[in-house]
Amino acid sequence: METLLMDRVQSSLRLFMPKNAIFLCERLCAEFPTESNLQLLANCYLGNNQAYCAYHILKGKQMPQSRYLFAISCFQMNLLREAEAALSPANEPNSEVPNGAAGHYLLGLIYRYTSRRSSAVDHFTQALSIDPLLWAAYEELCILGAVGGASDYFSDVAASRIQQQYLSESSSHKISIGDEDRSIQSSRVLGLNDSSPKQPKNLHSNSIKEISNTHVVMAAGQAANSGSSNLSLYNTPSPVASQLSGIAPPPLCRNGFFNAVSCDGSSKPAANAAILAPRRKAMEEGRLRKVSGRLFSDSGPRRSTRLSGEATAGINSNASQAGGGTGTNHSSSSRFLGGFSSSSSKTSSAAFRTMTGRKGPSCISESFDEGRKTEVFGDSCGEDASATMSSVAIFVDCRYLEEDKINLHAGGLSVHDSKLINGIRELLGLLRTLGEGYRFSCMHRSQEALEVYQKLSQNQYNTGWVLSQIGKAHFEMVDYFEAARFFDLARRVSPYSLEGMDIYSTILYHLKEEMKLSYLAQELISTDRLAPQAWCAMGNCYSLQKDHETALKNFQRAVHLDSRFAYAHTLSGHEYVALEDFENGIKCYQRALQVDERHYNSWYGLGVIYLRQEKFQFAEHHFRRAFFINPRSSVLMCYLGMSLHSLRRNEEALEMIEKAILADPKNPLPLYQKANILLSLERYDEALMNLDQLKECAPQETSVYALMGKIYKKLNMHEKAMFYFGLALDLKPPATDVAIIKSAMEKLYLPDEMGDSL
Amino acid sequence: MATESEGEEDAATAAGKLTGIPQLSVEDDLREMANKAAWSVSSCKPGNGVLSLRDDNLDTYWQSDGAQPHLVNIQFQKKVKLQLLVLYVDFKLDESYTPSKISIRAGDGFHNLKEIKTVELVKPVGWVHISLSGTDPRETFIHTFMLQLAVLSNHLNGRDTHIRQIKVYGPRPNPVPRQPFHFTSPEFITYSCLR
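I will try to describe carefully the structure that is included in this document. (Residues numbered from 1 in each chain as written. Chains lettered and ligands numbered in written order. Predicted model: local features only at pLDDT ≥ 70, side-chain atom pairs only at ≥ 80, totals over all residues. Heavy atoms only, no water.)

### What to know about the overall build of chain A
Next, step 1: Looking only at helices and strands, chain A has 42 helices and 0 strands in total.
Next, step 2: Within chain A, contacts between residues at least 6 apart in sequence are counted, and of these 66% link residues at least 24 apart.
Next, step 3: Within the structure as shown, chain A displays about 30,100 Å² of accessible surface, and the carbon and sulfur contribution to it stands at 53%. (Helix = DSSP H or I, 4+ residues; strand = E, 2+ residues; numbered from the N terminus. Contact = heavy atoms within 4.5 Å. Areas by Shrake-Rupley, 256 points an atom, 1.4 Å probe, with all protein chains shown as cover.)

Here it is in structure tokens:
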């Protein structure tokens, strides 16, 4: 009953029927209260978004997988301290983090959200070193600003590490097979029997024993994985079985194998071989690929290549290996065994070679290599595949043995290897490009990021994620038109994706496109009412219409939906500042910085508040922090210059302004600020020169003319002053400016008062 | 809330008499200033107190309950620039309770209020916009700590008065701090701030 229940639970999980899964699993746990069943139940709860249930049932459990699931539920319930304690207990500083890469990634997240940056970086790097394909960990490293170079992480070293992982998986697979767990085995057998069709049941039961051994190993590893692996295992034997049924010769081998099995207790090779033969015959590459794809989440292509390779040629080597392995049990040898011994020397070497090359095939090797129980089975995840692989391999082997095509085997294995290596290399290459681009983006080196993204293939380039990253890069360079264009493309490619849409709404805000912005906001909200980005867009819409209170409400909603979304906090801060509520503004910005210290917009916002409050030292400090994070932004440089000017450090101010002018020639503000500073330094002519330049690029700007008028007034060139004041007034500035300019005009012919507040 | 359209005022304005207009029309570069101010009234009937003046609900009103002149005091935390005062009154509903002569005073506190404007209302229905500017362009705004609105007399010689809503407007601050002038062209505004 236990296996039956487990099987149903897992298939319910797989088919997204959480309620069914939960009910059945609770019955299961009531009958057989083992910890792995509890893990399965926790899985069901987590799948149904009931982290609190998982929390309660797993509290205090010590198995690694339980600790991992417990940590996940704590994380979802925001109980970060308990999550941390579960993953790395305080009194066992050297205990291993459960689940390797995933565990390290989760720990890294916990450390990040409790503001322990260096530990976070540590764990993310470890996660990446264990599993180089864990992109999420790399992303976090970029956000924390601690990443050296994408090529470091997605390098050939990583490639070989992945290969080794697969290899070690298979080897550990073997060992686990040796350590048969009778109960699980039987349950596995049962399970397998359930899923596999009629006929080869007998054969299955034996072969299943072998396979189940491997399954057992995997099951012990991770509940979740074992679930899926069990399923996949169940699936794979069936085609095998069907294969079996169709093939006549194998029985001979099978019998022989079974004898051999009974002889030394590790009957896997025999059974496997028998199973393999028909399997190989019927299995096409495509099907193998599918199977392997299911078994191995991220090593699909490799597996398939391996499987196909195995199917075609591996058998021989397997056979040889088996032969070598079961050398002692050749008493009841059939042709098969004979074949083994004959080709043992040649194929065994080949087999060994292939074994090292791939994870899955290790099953084959393991099955045939009873003697070599030293190989360690690696991850449970791999186990399944390797088990299947082994069964496949065995089949293939058997087949080949019967046909005596040993040579093919050797050739096939190397094909496998190369395909595997190619697959790994391709994937790593792709990740490397994306990683470099993302890293440059996070370091705000937008130009370089854009160049890197250009290197992507058309297919990858035209995805929503890449296009919105490119849009973001343009946004950072204050090129709002291009950015808007790319975001538009991104929306067309994936209209359901909300990632990065908050930036798009900000861009539309800057461009003052009310229609587009409100349309975007409406669309986003109708797509997903629970996404913070949608509410940010809505808030931006209201803010553009100067309705700051409603905008603030929307941003607060976004904050409530996801308090770890830094931008929502920053935008609320901006609204508070617009409402002149500086205290709350400061609080919001600081909350944003708590979530993401490298969010330079918040540093900028704090700087602006302090500038308003005339706390110039603070302002300068905050602008400098922002500038440190994003050294390419001319706007930041400009503001830093302004704060330096307020501190009367005019030389430094001018330096910074010069940098700003160089950084972005399209930005007119640094020139204006420069003129302002020069005016205060009484270098009137230089100031006028700058303003003349500005006149060219922004002819409608009243402040330019007003400032020129002011300078001419200082120079006592009254006519020119009047002229420019008149020009400024013609362009209809806001009422305050009108008042100032008009009063300046009135006072033109009066002596200049000390410190006149123009 | 603020609309772009220009407020129309009758020829009666020229004579210093005002009638109300049905819509609130305030320029975009003005904003409501008195959210953080302290509001008080000289007297009120229970249930029709000072809160009704600020609740954005035109059905609720403040009703005075004492001798004339009835006063509404608005005190700010710091000196502010004010440009426009708007109040909502309705002769059709309130008849003899509708104010007819209003005096606006400004100063630092109760001790040195000085009258800056007097207006006369003639059967007003709707929002009455009272500009606080002087004739001089330098006097577009008044800088003050406190504003007092005094109802000197009502229509049909009523004793008490009803006012349904009062709003006070002043200029928006420059979004870019420490600048002598506002930026008006899109080129400047785009680069003027980060968001």
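### Some thoughts on the sheet that holds strand 12 (residues 165-171) of chain B
Residue and element names in this part refer to chain B.
Next, step 1: Strand order across the open sheet formed by 4 strands is 2-12-6-9, with antiparallel pairing between neighbours. The open sheet is flanked by strand 2 (30-32) and strand 9 (125-131), the only strands paired with a single partner. Direction aside, the axes of adjacent strands within the sheet are offset by 25° on average.
Next, step 2: Pairing geometry for strand 2 and strand 12, over 3 bridges, is antiparallel. Bridge assignment links Arg 31 to a residue of strand 12, and that residue is Gly 170. (Pairing = 2+ DSSP bridges. Axes fitted to C-alpha atoms, helices over the stretch in contact; angles between N-to-C directions.)

### Points about the environment of Arg105(B)
Residues and elements named next belong to chain B.
Next, step 1: Topologically, Arg 105 is positioned in strand 7 (residues 99-107).
Next, step 2: Between the C-alpha atoms of Arg 105 and Ile 116, which are 11 residues apart in sequence, the distance is 5.4 Å.
Next, step 3: If we skip the residues at most four places from it in the chain, Arg 105 touches Leu 71, Leu 113, Lys 114, Glu 115, Ile 116, Met 146, Leu 147, Gln 148, Ala 150 and Leu 152.
Next, step 4: Separated by 3.0 Å, the side chains of Arg 105 and Ser 103 make a polar contact. (Polar contact = N/O pair within 3.5 Å; in protein donor to acceptor, adjacent residues only side chain to side chain.)

### Quick notes on the sheet that holds strand 1 (residues 17-18) of chain B
Residues and elements named next belong to chain B.
Next, step 1: Judged by pairing direction, the sheet is mixed, and its 6 strands sit side by side in the order 1-8-7-10-5-3 without closing on themselves. Only two strands of the sheet have a single partner each, and these edge strands are strand 1 and strand 3 (38-41).
Next, step 2: Across 9 bridges, strand 5 (residues 70-82) lies against strand 10 (residues 142-154) in antiparallel orientation. Each bridged residue has a counterpart across the sheet, and for Val 72 the counterpart in strand 10 is Leu 149.

### A look at the interface of chain B and chain A
Next, step 1: On the chain A side, the residues contacting the 35 residues of chain B number 62 residues.
Next, step 2: Between chain B and chain A, a total of about 4,100 Å² is buried, with carbon and sulfur atoms accounting for 60% of that surface.
Next, step 3: Connecting chain B to chain A are 3 salt bridges.
Next, step 4: A salt bridge links Glu614(A) to Arg178(B); the nearest nitrogen and oxygen atoms lie 3.4 Å apart.
Next, step 5: There are 15 residue pairs in polar contact (both at pLDDT 80 or more) connecting chain B and chain A.
Next, step 6: Only strand 5 and helix 2 (186-192) of chain B provide two or more residues apiece to the side of chain B that touches chain A.
Next, step 7: Top contributing element to the side of chain B that touches chain A by residue count: helix 2 of chain B, with 6 residues.
Next, step 8: When the residues that make up the side of chain B that touches chain A are grouped by side-chain class, the tally is 15 nonpolar, 10 polar and 10 charged. (Buried area = accessible area lost by both parts, 1.4 Å probe. Salt bridge = Lys/Arg side-chain N within 4 Å of Asp/Glu carboxyl O. Nonpolar A, V, L, I, M, F, W, Y, C, P; charged D, E, K, R; others polar.)

### Side note on the side chain of Asn154(B)
Residues and elements named next belong to chain B.
Next, step 1: Mapped onto the elements of the fold, Asn 154 is located in strand 10.
Next, step 2: With a relative accessible area of 4%, Asn 154 lands in the buried category.
Next, step 3: Within the structure, the side chain of Asn 154 is placed 3.4 Å from the side chain of Thr 161, a separation counted as a polar contact. (Buried < 20%, exposed > 50% of the residue type's maximum accessible area, 1.4 Å probe, protein only.)

### A few points about the nonpolar core
Next, step 1: Of all hydrophobic cores here, the largest spans 100 residues; its most connected members are Ile507(A), Phe623(A), Tyr639(A), Tyr672(A), Leu691(A) and Phe188(B).
Next, step 2: Residues contacting Phe623(A), with those up to four places away along its chain left out, are Tyr604(A), Gly607(A), Val608(A), Leu611(A), Tyr639(A), Leu640(A) and Ser643(A).
Next, step 3: By size, the runner-up hydrophobic cluster in this structure holds 78 residues, among which are Ala21(A), Leu41(A), Leu128(A) and Leu434(A). (Core = buried A, V, L, I, M, F, W, Y, C linked by side-chain atoms within 4.5 Å.)

### Here we look at the environment of Tyr52(A)
Next, step 1: Mapped onto the elements, Tyr52(A) comes out in helix 4 (residues 51-58).
Next, step 2: Between the C-alpha atom of Tyr52(A) and that of Met77(A), which follows or precedes it by 25 residues, the distance is 6.9 Å.

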